[in-house]
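# Topology and contacts: notes
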Amino acid sequence: MAGIRLQNVKKIYDKKFTAVHDFTMEIKDEEFIILVGPSGCGKSTTLRMIAGLEDISAGELYIGDKLVNNVAPKDRDIAMVFQNYALYPHMTIYKNMAFGLEMRKVPKHEIDRKIKEAAKSLDIEQLLSRKPKALSGGQRQRAALGRAIVRDPQVFLFDEPLSNLDAKLRTQMRTEIKRIHNELKTTFVYVTHDQTEAMTMGDRIVVMKDGYIQQIDTPQNLYNNPVNLFVAGFIGTPQINAINCKIDKCKDKLCAIVGKYAIEIPKKISEEKSLDKIIGKNVVLGIRPEYTKIAKDGIKAKVVISELMGSECYIHMDIGKDRIISRTSTVLDAVSGEAVYVKFDMEKAMFFDEKTGIRI
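Residues numbered from 1 in each chain as written. Predicted model: local features only at pLDDT ≥ 70, side-chain atom pairs only at ≥ 80, totals over all residues. Heavy atoms only, no water.

### Considerations on the packing of helix H2 (residues 93-103) against helix H4 (residues 137-149)
In the contact formed by H2 and H4, the axes pass within 8 Å of each other and the chain directions differ by 30 degrees. Taken as axis vectors, H2 and H4 run roughly parallel relative to one another. Regarding H2 and H4, the two cross each other, and that crossing is right-handed. In this structure, H2 uses Ile 93, Asn 96 and Met 97 to contact H4, whose residues at the interface are Ala 143, Gly 146 and Arg 147. Residues belonging to the contact of H2 with H4 are distributed by class as follows: three nonpolar, two polar and one charged. (Axes fitted to C-alpha atoms, helices over the stretch in contact; angles between N-to-C directions. Helix = DSSP H or I, 4+ residues; strand = E, 2+ residues; numbered from the N terminus. Parallel < 35°, antiparallel > 145°, perpendicular 65-115°, else oblique. Left-handed = near helix turned anticlockwise from the far one by under 90°. Contact = heavy atoms within 4.5 Å. Nonpolar A, V, L, I, M, F, W, Y, C, P; charged D, E, K, R; others polar.)

### Things to note about the sheet that holds strand S16 (residues 299-308)
Overall, antiparallel pairing links the five strands, which are arranged S15-S19-S16-S17-S18 in an open sheet. Of all the strands in the sheet, the pair left with one neighbour each is strand S15 (292-295) and strand S18 (322-328). The mean inter-strand angle of the sheet, taken between neighbouring strand axes irrespective of direction, is 45 degrees. Where S16 and strand S19 (residues 339-344) come together, four bridges link them in antiparallel fashion. Note on S19: the bridge partner recorded for Ala 301 is Val 340. (Pairing = 2+ DSSP bridges.)

### Topic: the state of the cysteines
Across all of its chains, the model carries one disulfide by this definition. Put simply, Cys 250 and Cys 255 are joined by a disulfide, and their sulfur atoms are 2.3 Å apart. Look at Cys 255 and you get buried, because its relative accessible area is 4%. (Disulfide = S-S within 2.5 Å. Buried < 20%, exposed > 50% of the residue type's maximum accessible area, 1.4 Å probe, protein only.)

### Observations regarding the environment of Tyr 212
Along the polypeptide, Tyr 212 turns up in strand S10 (residues 212-217). Taking the C-alpha atoms as reference, Tyr 212 lies 34 Å from Met 309; in sequence the two are 97 residues apart. Once residues lying within four places of it in the same chain are set aside, the contact partners of Tyr 212 are His 21, Cys 41 and Val 207. Side chain to side chain, Tyr 212 and His 21 meet in a polar contact 3.2 Å long. (Polar contact = N/O pair within 3.5 Å; in protein donor to acceptor, adjacent residues only side chain to side chain.)

### Brief notes about the sheet that holds strand S2 (residues 17-27)
Taken in spatial order, the four strands line up as S2-S1-S4-S5 in an open sheet, and their pairing is antiparallel. In this open sheet, the two edge strands, each paired with only one partner strand, are S2 and strand S5 (66-67). Bridging between strand S1 (residues 4-13) and strand S4 (residues 58-63) involves five bridges; their strand directions are antiparallel. Looking across to S4, one finds that Leu 6 is bridged to Leu 61.

Structure (structure tokens):
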């Protein structure tokens, strides 16, 4: 097995457009790394450079101790699982899984053993004689996983493998892929735009935007300690409330001024963040929906819509020009247009620079 090291890796198209800027990180052996971000952020391009499907414009890429910038994909000892499964339609699932091994001249009895073991692990033993068109989307994705597993590579690469599946199947396959990672103890690099996949599967997550790494951290640290407003907004469902406000003095304490309301900032938070240095400045108050509660008094808000999510309820509201969400386990009969009051747990508040979005 092997880790991966990317040092100042860039991808430039036509000497004009830079799709990936100075991507630097070390992926440990057996680690499950997620690359996440909106469309066009460079995550799939980065994965394809690791796979050898895209040339590296600058920088160095190591798999294990080997520099692989100019190594052909077939010689990198990696296996890739694609979004569209990429199964040969004219071959049975057995032949699809065997094809790569046959090209490498692996003995037939060894091929048969590997396929049967992988098929049993993925619960597709009964599907080996079928062709891809006779399988459901979930079964095809399992077959594509099986084809990768039998190769026993140093590194597995996944390019949005679950995006074509329905919600229930995606949940099942997330669990399946995580289980396979635990069993195989191999390095996994997984690309997705779905932050739920990222949060539930990865050991560490790389958040990308416009070709730049925004933050690399564990799921919990990304959620609790985002470095900027983009990461804070991208990680978490529903997304963080971002409220425009001004830091000011209220007697002997600091407050966040939201419209005509002054929200007291706990001394611990104001001292930790040195908020006294930005008195009078406009900032963005970030507060997670679970720390935004409907109350008997507080800041006046207008209900936009109420969403019942089973065991939870999301109340979408407007405070001036800002849209916020309250996430509550109590089912509230909130009517569109109704006036309500909200309170924030300011112990959990985050503050961001209004212009740069960087966390204060």
